[in-house]
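If you want the building blocks of each chain, they are given just below.
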Amino acid sequence: MPSYTAPVRDMQFVLHDLLDVSQAGIPGYEDLDRDTTAAILEEAAKLAENVLAPLNPVGDEQGCTLENGVVRTPDGFKEAFDQVREGGWTALDCDPEYGGQGLPYLVSTAVGEMFTSANMAFNMYQGLTHGAYNAIHAHGSPEQKAMYLPKMVSCEWGGTMNLTEPHCGTDLGLIKTRAVPQDDGTYRITGQKIWISAGEHDMVDNIIHLVLAKIPGGPEGVKGISLFIVPKFLVNEDGSLGDRNALSCGGLERKMGIHGNATCVMNYDGATGFLIGEAHKGMRAMFTMMNEARVGVGLQGYAQGAVAYQNALAFAKDRVQGRDVTGAANPDDPADPIIVHPDVRRNLMDQKAFVEGARAFAFWGASLIDRAHRSQDAAAEGLISLLTPVIKGFLTDKGFETTVLAQQTLGGSGFTREWGLEQFVRDARITMIYEGTNGVQALDLVGRKLGADGGKHVMAFFEMVKEFIAANKGTDAEFDAQFLDPLRAASKDLQAAGMFFMQNGMKNPNEALAGSYDFMHLFGHVCLGLMWARMALAARAALAAGGGDTAFHETKIATGRYYMARQLPATRTHLARIESGAGPVMALDAEAF
């Protein structure tokens, strides 16, 4: 059975040595001293390790069941959900006006990583509720907020987002679900939605569905989409539950992974719905959910890699096979632990360097969201908008790859269900697909985000990297050579790729779009390279200051050196692919495939 240990020490390093949160100048961050964050993270760790992680294989084995229109979650899920609610974990960063704790999103991100590593399928129930909460909080009327948000903050009520239909996913302009206006100001919602995570289950008293639909007579395509609140049970004016709405779960999807989460076909048969915001402006409200979800899915990707790495490392230290080629490590035993072998080390170092770099990147991204929202900082808003498809696409691609590397570390044992690694692989795979496939993320990055506001946000990113290198050049020759020089070269590769798009993409958009996926990965490597250079600098400062934990900081620097030497040079390959243009990609006619 797999195990999980929450990485509280590493999270504390990222929060305080890298991001220096209490001095960040973001409202609410001044209260995040080391003792405060340690207390929160250690309590979350107990819940993740002792309650959620043991249920992960249970959820995978049992899955969810649909009986007479009711979805039953796996054994233990409901009791665990009660513990999460009672501990206030669902309300961490929610508005105190509606029962939330008002903590920064960054704190919720750290806790979310633990819960996701421990049990991704379970954590999706509250995660989707949080996304629906955000949409109503941002776009709902005062009456809607007062009616729905307190129970959603506490997770007494769940929440979902209903976008996809059998005939359309990415191209939402094709949706057929209709919303017919009624004399009382409500709408009758009729249609079918598929792949609705947590669409029906037995852990909450009500589920607040957010449904995209078209009002007859509205504009064609995405300009005619509106967003509606469609509760499972209608809510009376006093907040009590009224009649069951005309909606139902028509079936559960049989999936490769995340078996513990109910992925539903939802049928709306003239259900009563309530418009959120303006008619025909549903895409704007929907993207409030989608943008948070995309950052959250990026977290899911590396969080699965993190728990997979932990188990691979434990196996490599325990499993004895063969001898160290430089001399027996354990001469009194018939063989040495496989961690002595260079290729196993390579495998583990790839995992470790990615997971720790990804954690820093995700936490930095969360701090940008806090700065944008709490300080009304337009520059931070523009930067996180640019980085969101990178966080989602790169961290899930590499997170899945990390789970495969972890599985490979176990050899044949990794292919068996007994050890649990194959579940991490299966669960991680969905992160590359939902909330916009990673190909769509790459298209969004190159087609929309690069040129947003005249390209000033990507130029600001380049300038930030340049300023970091200039400010720290001359720290010493070793740091320059091992961290700053590789980062400078990678950043130049990213700039060269952007220049190729500018010079060729205007004449032929395919020249840019054919290289978009490589650009997303190139950008992701530069971001992790920046994180590793910053972390190495922070670790060096900690070593210079003394105070213990020498082994931790030396290990951090050595891991960073590995990333810069072995992973960051991938930017050259991605640039070469981009500069090959659209010709090789588009050479074949459709009939020739």
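Everything discussed here concerns the structure shown above.
Now for a quick tour of the structure. Everything quoted here is computed from the prediction, not taken from an experiment.

## What to know about the overall build of the chain
Phase 1 of the analysis: Of the regular secondary structure elements, the chain holds 18 helices and 11 strands.
Phase 2 of the analysis: Over its C-alpha trace the chain gives a radius of gyration of 24 Å, about what one expects of a compact globule, namely 25 Å for 593 residues.
Phase 3 of the analysis: Oriented by its inertia axes, the alpha-carbon framework of the chain measures out at about 80 × 60 × 55 Å.
Phase 4 of the analysis: Counting only residues that meet the buried cut, the chain has 57% of its 593 residues in that class.
Phase 5 of the analysis: Looking at the chain as shown, the accessible area adds up to about 24300 Å², and 52% of this sits on carbon and sulfur atoms.
Phase 6 of the analysis: Charge separation in the chain, taken as the distance between the mean sites of 50 positive and 71 negative side-chain charges, equals 5 Å.

## Notes on the side chain of Asn56
Phase 1 of the analysis: Locating Asn56 in the fold gives a position in helix H2 (residues 34-62).
Phase 2 of the analysis: By relative accessible area, which is 6% here, Asn56 ends up buried.
Phase 3 of the analysis: Setting aside residues no more than four positions away along its own chain, Asn56 makes contact with Ala118, Asn119, Met120, Gln423, Phe424 and Asp427.

## What to know about a negative patch on the surface
Phase 1 of the analysis: Where like charges cluster on the molecular surface, the negative patch consists of Glu30, Asp31, Asp33 and Asp35.
Phase 2 of the analysis: Relative to the helices and strands, Asp35 resides in helix H2.
Phase 3 of the analysis: A residue is classified by how much of its surface remains accessible, and Asp35, at 64% relative accessible area, is exposed.

## As for the pattern of salt bridges
Phase 1 of the analysis: Summed over the entire model, instances satisfying the criterion amount to 25 salt bridges.
Phase 2 of the analysis: In this structure, Asp17 and Arg34 form a salt bridge, with 3.4 Å as the shortest nitrogen-oxygen distance. You can see Asp17 sitting in helix H1 (residues 8-18) and its partner Arg34 sitting in helix H2, a full 17 residues away along the chain.
Phase 3 of the analysis: Judged by its relative accessible area of 24%, Asp17 falls in the partly exposed class.
Phase 4 of the analysis: One continuous salt-bridge network, built from bridges that share partners, spans Asp10, Glu113, Lys352, Glu356, Arg359 and Lys556.

## Side note on the packing of helix H5 (residues 120-139) against helix H7 (residues 282-318)
Phase 1 of the analysis: For the pair H5 and H7, interaxial distance at closest approach is 9 Å and the crossing angle is 155°. Considered as vectors, H5 and H7 are oriented roughly antiparallel to each other. Seen along the crossing, H5 lies across H7 with a hand that is right-handed. Across from Met120, Met124, His130, Gly131, Ala132, Asn134, Ala135, Ala138 and His139 in H5, the residues of H7 making contact are Arg284, Ala285, Thr288, Met289, Glu292, Gln300 and Gln304.

## A closer look at the environment of Ala271
Phase 1 of the analysis: Checked against the element boundaries, Ala271 lands in strand E11 (residues 263-276).
Phase 2 of the analysis: Ignoring anything within four residues of it in the chain, the contact list for Ala271 reads Tyr187, Arg188, Ile189, Val230, Asn245, Ala246 and Leu247.

## Thoughts on helix H13 (residues 477-504)
Phase 1 of the analysis: Helix length check: H13, at 28 residues, gives a terminal C-alpha distance of 39 Å against a target of 40 Å (1.5 Å per residue), a fit within 8%.
Phase 2 of the analysis: The backbone nitrogen of Glu478 lies 3.1 Å from a side-chain oxygen of the residue at the head of H13, namely Asp476.

## Side note on unusual backbone geometry
Phase 1 of the analysis: Not every positive phi belongs to a glycine, and Asp20 is a case in point at roughly 50°.
Phase 2 of the analysis: Along the polypeptide, Asp20 turns up in the loop between H1 and H2.
Phase 3 of the analysis: In this structure Asp20 comes out as partly exposed when scored by relative accessible area, which is 36%.
Phase 4 of the analysis: Despite not being glycine, Asn68 shows a phi value in the positive range, around 55°.
Phase 5 of the analysis: Structurally, the position occupied by Asn68 is in the loop between strand E1 (65-67) and strand E2 (70-72).

## Some points on the environment of Met203
Phase 1 of the analysis: Inspection of the secondary structure puts Met203 in the loop between strand E5 (187-197) and strand E6 (206-214).
Phase 2 of the analysis: On the accessibility criterion, Met203 (2% relative accessible area) is buried.
Phase 3 of the analysis: The spatial distance from the C-alpha of Met203 to the C-alpha of Cys155 is 9.1 Å, given a sequence separation of 48 residues.
Phase 4 of the analysis: Not counting residues up to four positions away in its chain, the partners in contact with Met203 are Thr73, Phe77, Lys78, Phe81, Arg85 and Tyr125.

## Some points on the packing of aromatic side chains
For any two aromatic rings, the description comes down to two numbers: the centre-to-centre distance and the angle of the planes.
Phase 1 of the analysis: Going through the model one piece at a time under the given rule, you end up with 14 aromatic pairs.
Phase 2 of the analysis: Each residue in the set Phe461, Phe462, Phe500, Phe501, Phe519 and Phe523 is aromatic and connected to the rest through ring pairs, giving one cluster.
Phase 3 of the analysis: Geometry around Phe552 places Arg9 over its ring, the cationic atom sitting 4.0 Å from the centre.
Phase 4 of the analysis: Its guanidinium or amino end placed over the ring of Phe400, Arg429 lies 5.5 Å from that ring's centre, counting from NZ or CZ.

## A look at the nonpolar core
In summary, soluble globular proteins display a tendency toward joint burial of nonpolar side chains.
Phase 1 of the analysis: Met114, Phe361, Leu387, Leu395, Phe461, Phe519 and Phe523 are the most contacted members of the largest nonpolar core, which has 154 residues in total.
Phase 2 of the analysis: In this structure Phe519 touches Leu445, Val446, Leu450, Leu494, Ala497, Gly498, Phe501 and Ile578, once residues within four positions along its chain are discounted.
Phase 3 of the analysis: In this structure, Cys94, Tyr133, Cys168 and Ile175 belong to the second largest nonpolar core, which totals 31 residues.

## Focus on the pairing of E11
Phase 1 of the analysis: Counting buried residues along E11, 11 of its 14 residues qualify, which places the element largely inside the surrounding structure.
Phase 2 of the analysis: In the sheet, E5 pairs with E11 via nine bridges, with the strands oriented antiparallel. Bridge pairing in E11 places Tyr187 opposite Gly273.
Phase 3 of the analysis: By the bridge criterion, three bridges tie strand E7 (residues 225-231) to E11 in an arrangement that is antiparallel. By the bridge assignment, Phe228 is partnered in E11 with Leu275.
Phase 4 of the analysis: Where strand E10 (residues 247-252) meets E11, five bridges bridge the pair, whose relative direction is antiparallel. When the sheet's bridge partners are listed, Leu252 is paired in E11 with Cys264.

Each value, and the rule that gives it
- Residues numbered from 1 in each chain as written.
- Predicted model: local features only at pLDDT ≥ 70, side-chain atom pairs only at ≥ 80, totals over all residues.
- Heavy atoms only, no water.
- Helix = DSSP H or I, 4+ residues; strand = E, 2+ residues; numbered from the N terminus.
- Rg over C-alpha atoms; globule rule 2.2 N^0.38 Å.
- Buried < 20%, exposed > 50% of the residue type's maximum accessible area, 1.4 Å probe, protein only.
- Areas by Shrake-Rupley, 256 points an atom, 1.4 Å probe, with all protein chains shown as cover.
- Lys, Arg positive; Asp, Glu negative; His and termini not counted.
- Charge placed at Lys NZ, Arg CZ, Asp CG, Glu CD.
- Contact = heavy atoms within 4.5 Å.
- Patch = residues over 30% accessible without salt bridge, like charges linked within 9 Å, V, L, I, M, F, W, Y side chains within 5 Å.
- Salt bridge = Lys/Arg side-chain N within 4 Å of Asp/Glu carboxyl O.
- Axes fitted to C-alpha atoms, helices over the stretch in contact; angles between N-to-C directions.
- Parallel < 35°, antiparallel > 145°, perpendicular 65-115°, else oblique.
- Left-handed = near helix turned anticlockwise from the far one by under 90°.
- Expected span 1.5 Å × (residues − 1).
- Polar contact = N/O pair within 3.5 Å; in protein donor to acceptor, adjacent residues only side chain to side chain.
- Phe/Tyr/Trp six-rings, centres within 6.5 Å; stacked < 30°, edge-to-face > 60°.
- Lys NZ or Arg CZ within 6 Å of the ring centre and 35° of its normal.
- Core = buried A, V, L, I, M, F, W, Y, C linked by side-chain atoms within 4.5 Å.
- Pairing = 2+ DSSP bridges.

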